[in-house]
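Chain residues, written in single-letter form:
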2 protein chains.
Amino acid sequence: MNSHFSLAVHSLTLLAFQPDRAASSTFIAESASVHPVRIRKVLSLLKQHELIQSKEGAGGGFVLSRPPEAVTLWDVYQVTSKGTLQPRCPDENPDCSVGANMKHVLGSVFSDGEDVFGEHLDQFTIADMLKKCITN
Amino acid sequence: MNSHFSLAVHSLTLLAFQPDRAASSTFIAESASVHPVRIRKVLSLLKQHELIQSKEGAGGGFVLSRPPEAVTLWDVYQVTSKGTLQPRCPDENPDCSVGANMKHVLGSVFSDGEDVFGEHLDQFTIADMLKKCITN
DNA sequence: TATACTGTAATTATAAATATTACAGTTTTG
DNA sequence: CAAAACTGTAATATTTATAATTACAGTATA
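Throughout what follows, the structure given in this document is the object of discussion. Quantities reported herein were computed from a predicted structural model and do not represent experimental measurements.

**Concerning the pairing of strand β1 (residues 52-55) of chain A**
Residues and elements named next belong to chain A.
Turning to step 1, where the next piece is worked out: Sheet analysis places β1 next to strand β2 (residues 61-64), joined by 4 bridges and oriented antiparallel. Following the sheet pairing, S54 is matched in β2 by F62.
Turning to step 2, where the next piece is worked out: Turn length for the β1-β2 hairpin, with the two strands adjacent in sequence and antiparallel, is 5 residues, and the turn residue G57 shows positive phi of about 85°.

**A closer look at the protein's contact with DNA strand C**
Turning to step 1, where the next piece is worked out: Near DNA strand C lie 23 residues; those nearest to it are S25(A), K47(A), S54(A), S3(B) and R38(B).
Turning to step 2, where the next piece is worked out: When atoms of DNA strand C within 4 Å of the protein are split into backbone and base, the sugar-phosphate part holds 68%.
Turning to step 3, where the next piece is worked out: Taking S25(A), its side chain carries an N or O atom lying 2.8 Å from a phosphate oxygen of DNA strand C.
Turning to step 4, where the next piece is worked out: Between K55(B) and DNA strand C, the recorded distance is 3.0 Å, taken from a side-chain N or O atom to a phosphate oxygen.
Turning to step 5, where the next piece is worked out: Those elements giving two or more residues to the surface near DNA strand C turn out to be α3 (36-48), β1 and β2 of chain A together with α3 (36-48) of chain B.
Turning to step 6, where the next piece is worked out: Sort the elements by how many residues they give to the surface near DNA strand C and α3(A) lands first, with 4 residues.
Turning to step 7, where the next piece is worked out: Classifying every residue of the surface near DNA strand C by side-chain character gives 6 nonpolar, 9 polar and 8 charged.

Each value, and the rule that gives it
- Residues numbered from 1 in each chain as written.
- Chains lettered and ligands numbered in written order.
- Predicted model: local features only at pLDDT ≥ 70, side-chain atom pairs only at ≥ 80, totals over all residues.
- Heavy atoms only, no water.
- Pairing = 2+ DSSP bridges.
- Helix = DSSP H or I, 4+ residues; strand = E, 2+ residues; numbered from the N terminus.
- Near = heavy atom within 4 Å.
- Polar contact = N/O pair within 3.5 Å; in protein donor to acceptor, adjacent residues only side chain to side chain.
- Nonpolar A, V, L, I, M, F, W, Y, C, P; charged D, E, K, R; others polar.

In structure tokens:
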């Protein structure tokens, strides 16, 4: 699983944690121990998919555009990581009936598997994640 | 998903394809378009878990130790890729209640998710994979 | 108009995956 | 018995993927 997903969930959970004020990329980056530019790239994706809003300039930053109860981990996964479950396969080898088809065959198994996995992720919201973090 | 998994499935399917004779690492490597040493490493794992048997020396190679109907993709996954679904998380940050717990919280969500995904993989056997490859 | 931000592109550095080389040990076969 | 065809594994080199860093244009605030 790529790290965009966990950074996205981290960021959204942090925004849910302080719903009153915008969080800057620097603030989020320090919380997640990564570089601010990396956060801005991930949040750029979330913004494109309207999970957050951003405001430029002094005092700007990021806020949620939906209540945290209305955003699931599956929503986030689809934005940041769709398709990454797929196993890496070597190039197709036309000289071998196994090598020629394995990529496609495993591809369909994992594509369905991603949907199954998605149903699991869909059970958890950002609000749930915040609750789990705080009560620990 | 790491590539050990797809190489393992590829190898096992190839062994199922020619049940009569042992396959050498060179033969399998050519089918999968990768280096023989890499195949030997993956097959070493499968051997440790008794999914295959190997024979050294001239005319040696690898054979299945169970019928292909009795090996599922979940069996293979557990040997080659257990835990790889887990998203990469940055180090825990004790100064932030979100940063301090996110890794653990996501960890449990993905651990359960891996089991759900496993139930999906468990529906497919190596025999199924071979059938899918051949009828394409 | 200085300051604190976002947004992005380009570059550099680091880490992970993969290939390659090397060689010891094991069977088979001529 | 010796050459050939294998496995097994370690060590090294290469390639690729990730991540950090730098740079800078644009925007809102005070």
